[in-house]
Amino acid sequence: MINIYIRVNDYFDRGEAPVCFFDSGIGGLTVLSRCITLMPNRKFVYFADNYNVPYGSFSSAKLLQMVDEKFAEISEYSPSAAVIACNTATAQCASYLRAKYSFNIIGIQPAVKPAAVDAKKCVVLATPATASSSGIKELVERFGNGVTEILACPELAVYIENNIFDIDKDAITGLLPDIEADSIVLGCTHYVFIEDLVKARYKCKIFDGIDGTARHLANVLGCVQEDKQSASPQALIDNVLFVGGDERKNRKVLEKLINDRGGVCGNFSH
């Protein structure tokens, strides 16, 4: 534990409790990039497990074991809050983690409510584990307005993870379901990287849970309006410590997100 405190304090040059983020891989960086531009004076630690992507393919028991091991590590950083920036982990593990750990735990959820309000047909695209979870089913039952269905995309997250700097339009088209809809909900943070392709494919409104999660985190932390203009892209990136997974890759993806559009997901496809 002493080594962890030394690493955090040396990296940030202060004793402020960081905000910890967790995702199976790069998907959570779409959430993190929004949060660090919303709260440029905060310090963040990003935990990833890229080598085990996709989490959506694991059994509930195995997934809970893997996520709990990461959160045991996160707890040693005494975070001011922790964000589960993975829809699958939120759907399967959030209740257990909140009961076990004393720090604030915020989970991302698909933006079903706004997507279903005016739709005749709303579709949530998700990993198999998210699609089969009781959490997403309850969310759709409560806010889906009777017009929402959930569809699993078994290979989509792992393709995005493995090809993030060389995403091919035709490959993505082959991994998306052949449907028609008035609104699409991106039920996996990895999918946000291909938002433009999803919109072009279905020609409808696209929703995700990123803004809602970022605002919720700011409220939990009691953040007032912070000065976003004074923080350079590099300063924002320097506010993040990467732990676990493919740290070099994760940093490179975050740099592109921040430099391209100031925290809004850039266009990784071609």
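What counts as what
- Sequence order sets the numbering: in each chain, residues are counted from 1 along the sequence as written.
- Where local features are concerned, this predicted model is filtered to residues with pLDDT of at least 70; where side-chain atom pairs are given and counted, the filter is 80 or more; whole-chain, interface and lining totals use all residues.
- Calculation of side-chain values draws on the structure's entire complement of heavy atoms; hydrogens and water are dropped beforehand.
- Each helix corresponds to a stretch of at least 4 residues labelled H or I by DSSP, and each strand to a stretch of at least 2 residues labelled E; elements are numbered beginning at the N terminus.
- Throughout, exposure labels follow a simple rule: accessible area from a 1.4 Å probe, protein chains only, divided by the maximum for the residue type, with under 20% read as buried, over 50% as exposed, and the rest as partly exposed.
- Throughout, a contact is declared for two residues whenever any of their heavy atoms are within 4.5 Å.
- All accessible-area figures derive from a Shrake-Rupley calculation using a 1.4 Å probe, and residue coverage is judged against the displayed protein chains alone.
- Should DSSP find at least two bridges between two strands, the strands are regarded as paired.
- Every axis in this analysis is a line fitted to C-alpha atoms, fitted for helices over the stretch in contact. Angles between the N-to-C directions lie between 0 and 180 degrees.
- Throughout this description, the term salt bridge denotes a Lys or Arg side-chain nitrogen within 4 Å of a carboxyl oxygen of Asp or Glu.
- Side-chain atoms within 4.5 Å link the members of a nonpolar core, which is a set of buried Ala, Val, Leu, Ile, Met, Phe, Trp, Tyr and Cys residues.
- Two aromatic rings from Phe, Tyr or Trp, using only the six-membered ring of Trp, form a pair when their centres are within 6.5 Å; if the ring planes differ by under 30 degrees the pair is stacked, by over 60 it is edge-to-face, and anything between is tilted.
- Grid spacing is 1 Å over the protein atoms alone, the probe is 1.4 Å, and a cavity is where that probe fits but cannot get out, while a pocket is an open set with protein on both sides within 12 Å along at least five of seven lines and lining residues have an atom within 4 Å of a point.
- Grid points are joined across faces, edges and corners, and a volume is the space filled by probe spheres set on the points.

Undergrad: Provide a residue-level description of the overall build of the chain, including the pertinent values.
TA: Across its full length, the chain holds 13 helices and 9 strands. Burial statistics for the chain: of 270 residues in total, 55% are counted as buried. Pairs at least 24 residues apart make up 75% of the contacts formed inside the chain by residues separated by at least 6 positions. Total accessible area on the chain stands at roughly 11900 Å², and carbon and sulfur atoms take up 46% of it.

Undergrad: Tell me what's going on with the sheet that holds strand β2 (residues 44-48), and back it up with residues and numbers.
TA: Two strands in a sheet stick together by hydrogen bonds in their backbones, pointing the same way (parallel) or opposite ways (antiparallel). The parallel open sheet is built from 5 strands, whose spatial order is β4-β3-β1-β2-β9. Where the open sheet ends on each side, the last strands, each with one partner, are β4 (104-107) and β9 (240-243). Across the sheet, the mean angle separating the axes of adjacent strands is 20 degrees when strand polarity is ignored. The pairing of strand β1 (residues 19-23) with strand β3 (residues 81-84) spans 4 bridges and is parallel. Note that in β3 the partner of Phe21 across the bridge is Val83. Contacting β1, β3 and β4, helix α4 (residues 87-100) crosses the sheet at an angle of about 165 degrees to β4.

Undergrad: Account for the pattern of salt bridges, naming residues and giving values.
TA: Scanning the entire structure with this criterion turns up 6 salt bridges. One salt bridge connects Asp68 with Lys100, and the closest N-O pair in it is separated by 2.9 Å. Here the residue Asp68 occupies a position in helix α3 (residues 60-75), and Lys100 occupies one in helix α4, the gap between them amounting to 32 residues. A salt bridge links Arg201 to Asp178, with the nearest nitrogen and oxygen atoms 3.2 Å apart. Pair noted here: Arg201 is in helix α10 (residues 195-202) and Asp178 is in the loop between α9 (169-175) and β7 (183-186), with a separation of 23 residues, a long-range link. With relative accessibility at 26%, the residue Arg201 sits in the partly exposed group.

Undergrad: Could you give me a rundown of the nonpolar core, with the residues and numbers involved?
TA: Nonpolar side chains in soluble globular proteins tend to be buried together. Phe21, Ile160, Ile184 and Leu217 are the most contacted members of the largest nonpolar core, which has 56 residues in total. Among residues more than four places away in sequence, those in contact with Ile160 are Ile26, Ile167, Ile172, His190, Tyr191, Phe193 and Ile194. Membership of the second largest hydrophobic core comes to 23 residues, among which are Phe47, Leu63, Ile74 and Phe103.

Undergrad: Residue-level account of the packing of aromatic side chains, with values.
TA: Applying the stated criterion across every chain, the model contains 7 aromatic pairs. Centre to centre, the rings of Phe21 and Phe44 are 5.8 Å apart; their planes meet at 65 degrees, and the pair counts as edge-to-face. Separated by 23 residues along the polypeptide, Phe21 in strand β1 and Phe44 in strand β2 bring together distant segments of the chain. We classify Phe44 as buried; its relative accessible area is 0%.

Undergrad: Mind laying out empty space enclosed by the protein, listing which residues take part and the relevant values?
TA: By the definition in use, this model includes 3 cavities of 30 Å³ or more. The space that makes up the largest cavity amounts to roughly 90 Å³. Considering the residues around the largest cavity, the lining is formed by 14 residues, among which Ser24, Cys86, Thr88, Thr127 and Cys188 are closest to the centre.

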